[in-house]
Amino acid sequence: MKGENTNSFLILIPFALLAYYACLWYFSGSRLRKGLQNPPGPKQRFITGNLHQLSPLEPWLTFTSWSKAYGPIVYFKTLNSKNIVLNSAKVALDLLEARSAFYSDRPTNWMAGEIAGRKRTIFLTSFMDPRFKIMRRLLQTGLNTRASKSYRPIQTQETQILLQNLATTPEDFATHIRRNAVAVILKVAYGYQIASNDDPLVHLLAKTSQLMGSISIPGKYWVEFFPILRFIPDWFPGAGFKRRAKEVGRVTSNIECVPFDWAKTQIANDDHVESFTSKHLLSEDGLPVDGETEQNTKWCSAALFIGGGDTTVSTLRTFFFLMATNPSVQAKAQAEIDLVAPNRLPTLDDYDSLPYIRALIREVMRWGPVAPLGIPHLAMEDDVYDNYYIAKGTKVIANIWAITHDEEIYPEPFTFNPSRHLGDDAQPDPLKFVFGFGRRACPGAHLAEMSIFLNVSNILAVFNILKPVDQHGVEVEPTMEWTTGAATMHLKPFQCRIQPRSKEHLMLVGT
Ligand code: HEM
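- By the naming in an unreviewed UniProt entry, the protein goes by Cytochrome P450 and is assigned to Hebeloma cylindrosporum.
- Quoted verbatim from the Cofactor (unreviewed entry) field of the UniProt record, the comment on the protein reads "heme".
- In UniProt, the protein has this text filed under Pathway (unreviewed entry): "Secondary metabolite biosynthesis."

Here it is in structure tokens:
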């Protein structure tokens with residue numbers, strides 16, 4: 001009897017979902033009948049909308065091709081979810097910056113945010129959650145230009161280790177870059193010094209990214225379209241998605257707890273290095289901070305770890321590729337360094353004196369933007385833009401890749417040319433786009449730019465980066481292919497040769 005009830009219930013589910021979808025479809029159209037249109041977009045199928053056209057591989061290319069056909073704002077639907085893609089700098093700035101009061105929420109992420117319990121991480125926290133403003137303030141005070149100055153010794157020490165590792169095993173450059181990014185951010189966030197590339201926290205970050213990616217694949221889980229499914233009991237047939245999300249939530253919560261608990265113990269034993277965590281846990285009057293401040297600090301420290309552990313890695317990988325394939329740019333950059341910092345390694349104090357290096361970094365980040373679609377925002381109110389209707393609850397995706405490859409503002413966008421960022425008629429600064437927009441823009445932008453500047457200028461001061469050679473010693477082109485991650489893109493493994501410029505240059509590394 002119990003089995004029969006279960007079967008009848010299962011049969012009813014598709015009908016209930018269909019009715020739910022039909023209601024949403026009907027009511028979402030009511031406003032349009034008042035004469036306002038959605039932005040243009042590709043033709044939709046009944047019920048599934050444009051789901052069949054979304055490619056899991058390099059989706060920014062699909063969106064860019066749509067923008068060529070439909071214009072800078074493209075509307076598409078996936079089942080009951082409304083989406084717009086912003087493909088030009090103008091529309092992204094008009095909506096996400098100028099109207100940021102209405103475009104700063106995040107879409108609800110049912111698998112990762114609600115069921116796995118990760119909505120407390122700032123990346124997914126709602127703009128309306130009172131914790132949001134508190135956490136943004138904590139991050140801004142901990143990462144602004146003034147605060148970042150206190151992290152310079154950490155960055156300098158880790159750059160030195162990076163140079164030594166590149167001198168010893170240059171073929172492992174990708175591993176060395178990752179170690180550098182994780183080491184800097186763990187020291188900044190927790191005062192933790194990683195022991196080796198095999199450090200358990202390096203593995204914890206990789207595991208967390210992989211698991212979060214696995215439950216965030218667009219279109220994979222029905223609960224994202226029919227949130228009512230979250231009420232199905234865990235034991236119910238077909239509720240495997242809930243058990244999976246909860247397991248991911250249990251494992252990934254280690255990223256908040258493990259390094260934070262370590263830092264708390266160090267502080268309690270009066271044996272700590274000053275860090276973002278210690279600054280916020282040790283109040284000026286010496287009294288313990290309240291539980292809420294402790295929780296917010298825990299989530300913010302982990303946001304530094306997650307936000308900083310993988311992003312600069314992508315930029316530096318792209319940098320190695322572009323240096324190997326653009327020897328004349330490399331030579332020009334080295335000439336500037338030799339002039340400004342002869343017989344020594346550049347420091348962050350040289351930032352203003354190295355305009356070509358700054359332009360080179362802008363161009364690397366334009367050419368291969370780390371987060372090609374940023375992190376989606378959500379329209380918090382009904383809005384009208386350019387005579388188009390944007391309904392409250394629409395997911396808003398900034399196509400950063402399309403913006404940094406827009407030939408209207410970056411002629412010949414696929415050509416790597418740092419000089420486009422120099423002189424009186426310099427093209428728009430891509431750093432205004434690659435770190436996102438408005439009140440959700442990346443709080444780690446300054447720290448990231450400084451780390452990249454120090455690494456790039458030091459690597460170029462000491463090494464030449466060359467194309468790989470085949471078995472006959474003839475140079476070959478390195479392969480260029482991108483991976484598509486949850487939010488970031490990386491060049492797939494490629495080869496290049498990294499050689500000291502001379503014995504004298506190598507001596508600067510202190511090997
Ligand atoms: C190359 C380096 C980096 C790039 C390109 C980058 C890019 C981005 C982008 C595009 C966003 C989404 C912005 C939006 O929603 O409009 C973001 C958010 C964020 N980033 Fe970064 N990021 C980088 C490095 C870092 C670093 C080093 C940290 C921490 C130390 C960090 C922490 C964060 C945090 C916490 C958020 C979430 C902000 C929010 O939701 O309110 N990022 N980043």
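And the narrative resumes.
With respect to the site of the ligand
Then, in step 1: Taken together, 28 residues form the shell around the ligand, and within it R106, R136, H377, F437 and C442 come nearest.
Then, in step 2: In the model, an oxygen atom of the ligand is placed 3.0 Å from a nitrogen or oxygen of the R440 side chain.
Then, in step 3: Contributing elements (two or more residues each) for the shell around the ligand: helix 5 (130-143), helix 13 (291-325) and helix 18 (445-462).

So, the coordination of the iron atom of the ligand
Ideal geometry at a metal gives 109.5 degrees between four tetrahedral donors and either 90 or 180 degrees between six octahedral ones.
Then, in step 1: Protein coordination of the iron atom of the ligand rests on one atom only, C442 (SG), at 2.3 Å.
Then, in step 2: Along the chain, C442 falls in the loop between helix 17 (431-434) and helix 18.

Focus on unusual backbone geometry
Then, in step 1: Non-glycine residue I47 carries a positive phi angle of around 70 degrees.
Then, in step 2: Mapped onto the fold, I47 is located in the loop between helix 1 (2-28) and helix 2 (59-70).
Then, in step 3: The phi dihedral of E412 is positive, around 50 degrees, even though this residue is not glycine.
Then, in step 4: Topologically, E412 is positioned in the loop between helix 16 (400-404) and helix 17.
Then, in step 5: Overall, the relative accessible area of 59% leaves E412 in the exposed class.

Considering the packing of helix 5 against helix 13
Then, in step 1: Relative to each other, helix 5 and helix 13 sit at 60 degrees, their axes nearing to 10 Å. Taken together, the axis directions place helix 5 and helix 13 in an arrangement best described as oblique. Where helix 5 crosses over helix 13, the two elements pack in a sense that is right-handed. Along its contact with helix 5, which presents R131, I134, M135, L138, L139 and L143, the element helix 13 presents E292, N296, T297, W299, C300 and L304.
Then, in step 2: Among the residues making up the contact of helix 5 with helix 13, the classes are represented as eight nonpolar, two polar and two charged.

Thoughts on the pattern of salt bridges
Then, in step 1: On inspection of all chains with the given rule, the structure shows 20 salt bridges.
Then, in step 2: Residue D383 pairs with R99 through a salt bridge whose shortest N-O separation is 2.9 Å. Placement of D383 in strand 4 (residues 383-385) and of R99 in the loop between helix 3 (89-97) and helix 4 (110-115) is noted, with a sequence separation of 284 residues between them.
Then, in step 3: Here D383 falls in the buried class, since its relative accessible area comes to 14%.
Then, in step 4: Accessibility expressed as a relative area gives 26% for R99, which makes it partly exposed.
Then, in step 5: One salt-bridge network, held together by shared partners, links D234, K242 and K246.

Things to note about the environment of V474
Then, in step 1: Of note, V474 is situated in the loop between strand 7 (463-466) and strand 8 (482-484).
Then, in step 2: Judged by relative accessible area, V474 falls into the partly exposed class, the value being 47%.
Then, in step 3: For the pair V474 and A402, spaced 72 residues apart in sequence, the C-alpha to C-alpha distance is 36 Å.
Then, in step 4: Dropping the residues within four chain positions of it, V474 is found in contact with P468 and V469.

Observations concerning the sheet that holds strand 6 (residues 395-398)
Then, in step 1: Read from one edge of the open sheet, four strands run 1-2-6-3, paired in mixed fashion. With partners counted over all chains shown, the strands left at the sheet margins are strand 1 (73-78) and strand 3 (377-378), one partner each.
Then, in step 2: Pairing analysis gives six bridges linking strand 1 to strand 2 (residues 81-86), with the strands arranged antiparallel. Following the sheet pairing, V74 is matched in strand 2 by V85.
Then, in step 3: Its contacts with the sheet put helix 3 on strand 1, strand 2, strand 3 and strand 6, and the angle it makes with strand 2 is roughly 125 degrees.

What about the nonpolar core?
Then, in step 1: Counting residues in hydrophobic clusters, the biggest one holds 81 residues, and the most contacted among them are F319, F320 and L360.
Then, in step 2: Here this core gets eleven residues from one element, more than from any other, and that element is helix 18.
Then, in step 3: Look past the residues within four positions of L360 in its chain and what remains in contact with it is F319, M323, V329, A333, F416, P418, V456 and L460.
Then, in step 4: Core analysis: the next-biggest nonpolar cluster, separate from the first, contains 37 residues, L143, I154, V184 and A189 among them.

The rules behind these values
- Residue positions are counted from 1 within each chain, in the order its sequence is given.
- pLDDT decides what is reported in this predicted model: residues at 70 or higher carry local features, side-chain atom pairs at 80 or more are listed and counted, and totals for whole chains, interfaces and linings draw on all residues regardless.
- Side-chain numbers here rest on the full set of heavy atoms in the structure, without hydrogens or water.
- UniProt positions are given in the numbering used here, feature names are shortened, and annotations may be inferred rather than shown by experiment.
- For each residue, the test is whether any non-hydrogen atom lies within 4 Å of the molecule or strand; if one does, the residue is near.
- Identification of polar contacts relies on pairs of N or O atoms within 3.5 Å, with a donor-acceptor requirement for protein atoms, meaning one able to donate a hydrogen and the other able to accept it, and with residues adjacent in sequence counted only if both atoms are side-chain atoms.
- To qualify as a helix, a DSSP run of H or I must reach at least 4 residues; to qualify as a strand, a run of E must reach at least 2; elements of each kind are numbered from the N terminus.
- Counted as donors are N, O and S atoms no farther than 2.8 Å from the metal, or 3.2 Å for Na, K and Ca; water is not among the atoms, and sites may therefore look incomplete.
- Using a 1.4 Å probe on the protein chains alone, a residue whose accessible area is under 20% of its type maximum counts as buried, one over 50% counts as exposed, and one in between counts as partly exposed.
- The axes are straight lines fitted to the C-alpha atoms, using for helices just the contacting stretch, and the angles between their N-to-C directions are given from 0 to 180°.
- Orientation labels follow simple angle bins: below 35 degrees gives roughly parallel, above 145 gives roughly antiparallel, 65 to 115 gives roughly perpendicular, and whatever is left gives oblique.
- By the definition used in this description, the sense in which the near helix is turned from the far one sets the handedness, with an anticlockwise turn below a right angle giving left-handed and a clockwise turn giving right-handed.
- Contact between two residues is taken to exist if any of their heavy atoms lie within 4.5 Å; hydrogens are not considered.
- When residues are sorted by character, Ala, Val, Leu, Ile, Met, Phe, Trp, Tyr, Cys and Pro go into the nonpolar class, Asp, Glu, Lys and Arg into the charged class, and all the rest, Gly among them, into the polar class.
- When a carboxyl oxygen of Asp or Glu lies within 4 Å of a side-chain nitrogen of Lys or Arg, that pair is called a salt bridge.
- Two strands form a pair only when DSSP identifies at least two bridges running between them.
- We call a set of buried Ala, Val, Leu, Ile, Met, Phe, Trp, Tyr and Cys residues a nonpolar core when their side-chain atoms join them within 4.5 Å.

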